[in-house]
Amino acid sequence: MALGRGSANKTMALVLAFACLLLVHIEIAESAVYTVGDGKGWTFNMATWPKGKNFKAGDVLVFKYNPSVHNVVSTNAAGYKGCRAPGGAKVFKSGNDRITLARGRNFFICNFAGHCQSGMKIAVTAA
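We now turn to the structure provided with this report. (Residues numbered from 1 in each chain as written. Predicted model: local features only at pLDDT ≥ 70, side-chain atom pairs only at ≥ 80, totals over all residues. Heavy atoms only, no water.)

**Looking at the pairing of strand S2 (residues 60-64)**
For step 1, the next point in the chain: The element S2 is extensively covered by neighbouring structure, given that four of its five residues are classed as buried.
For step 2, the next point in the chain: Two elements, strand S1 (residues 33-35) and S2, share three bridges in a ladder whose sense is parallel. Looking at S2, one finds that Val33 is bridged to Val60.
For step 3, the next point in the chain: Sheet topology places S2 next to strand S5 (residues 96-100); five bridges connect them, and they run antiparallel. When the bridges of S5 are listed, Lys64 appears paired with Asn96. (Buried < 20%, exposed > 50% of the residue type's maximum accessible area, 1.4 Å probe, protein only. Helix = DSSP H or I, 4+ residues; strand = E, 2+ residues; numbered from the N terminus. Pairing = 2+ DSSP bridges.)

**Quick notes on the sheet that holds S1**
For step 1, the next point in the chain: The sheet built from three strands is open, its strands ordered S1-S2-S5 with mixed pairing. Each edge of the open sheet carries a strand with a single partner, namely S1 and S5. Put simply, the sheet's adjacent strands are angled 20° from each other on average, direction ignored. (Axes fitted to C-alpha atoms, helices over the stretch in contact; angles between N-to-C directions.)

**Notes on the packing of aromatic side chains**
For step 1, the next point in the chain: Using the criterion set out here, one finds five aromatic pairs in the structure.
For step 2, the next point in the chain: Ring geometry for Trp42 versus Phe63: centroids 5.0 Å apart, planes at 90°, classification edge-to-face. Separated by 21 residues along the polypeptide, Trp42 in the loop between S1 and S2 and Phe63 in strand S2 bring together distant segments of the chain.
For step 3, the next point in the chain: On the basis of relative accessibility, which here comes to 2%, the residue Trp42 falls in the buried class.
For step 4, the next point in the chain: Consider the rings of Tyr80 and Phe107, whose centres lie 5.3 Å apart with planes at 45°: the pair is tilted. Here Tyr80, found in helix H2 (residues 77-82), pairs with Phe107, found in strand S6 (residues 104-109); they are 27 residues apart in sequence, far enough to count as distant.
For step 5, the next point in the chain: Put simply, the rings of Tyr34, Trp49 and Phe55 pair up and form one aromatic cluster.
For step 6, the next point in the chain: Geometry around Phe92 places Lys90 over its ring, the cationic atom sitting 5.2 Å from the centre.
For step 7, the next point in the chain: Over the ring of Tyr80 we find Lys121; its NZ or CZ atom is 4.5 Å from the centre of that ring. (Phe/Tyr/Trp six-rings, centres within 6.5 Å; stacked < 30°, edge-to-face > 60°. Lys NZ or Arg CZ within 6 Å of the ring centre and 35° of its normal.)

Okay, structure coming up:
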């Protein structure tokens, strides 16, 4: 039985759809997920937590904390150094935040009074 052009087009469409799904799966599989602070979660004295870890753009940081007493603010270098959130900074407050790293330096602080100054901040470099 001969196949018409419609069958070839459907087969090609299925092959392309499968290839796209495979590429998406490979991209997801390459990303790592890190829980900030490991078993302690997002807390004080976190500045050294990133040391020894090799982060890549697309990796995900999971911040686990009590949202009634902490938050996570994605900030810039000045905000990190001065423990201040610049205008328009993204504030996360779910207690289980998943943040995808961008290439380069990524800075995070807790902007509850005194928390950043007590070391509740991290700077992560993603290759």
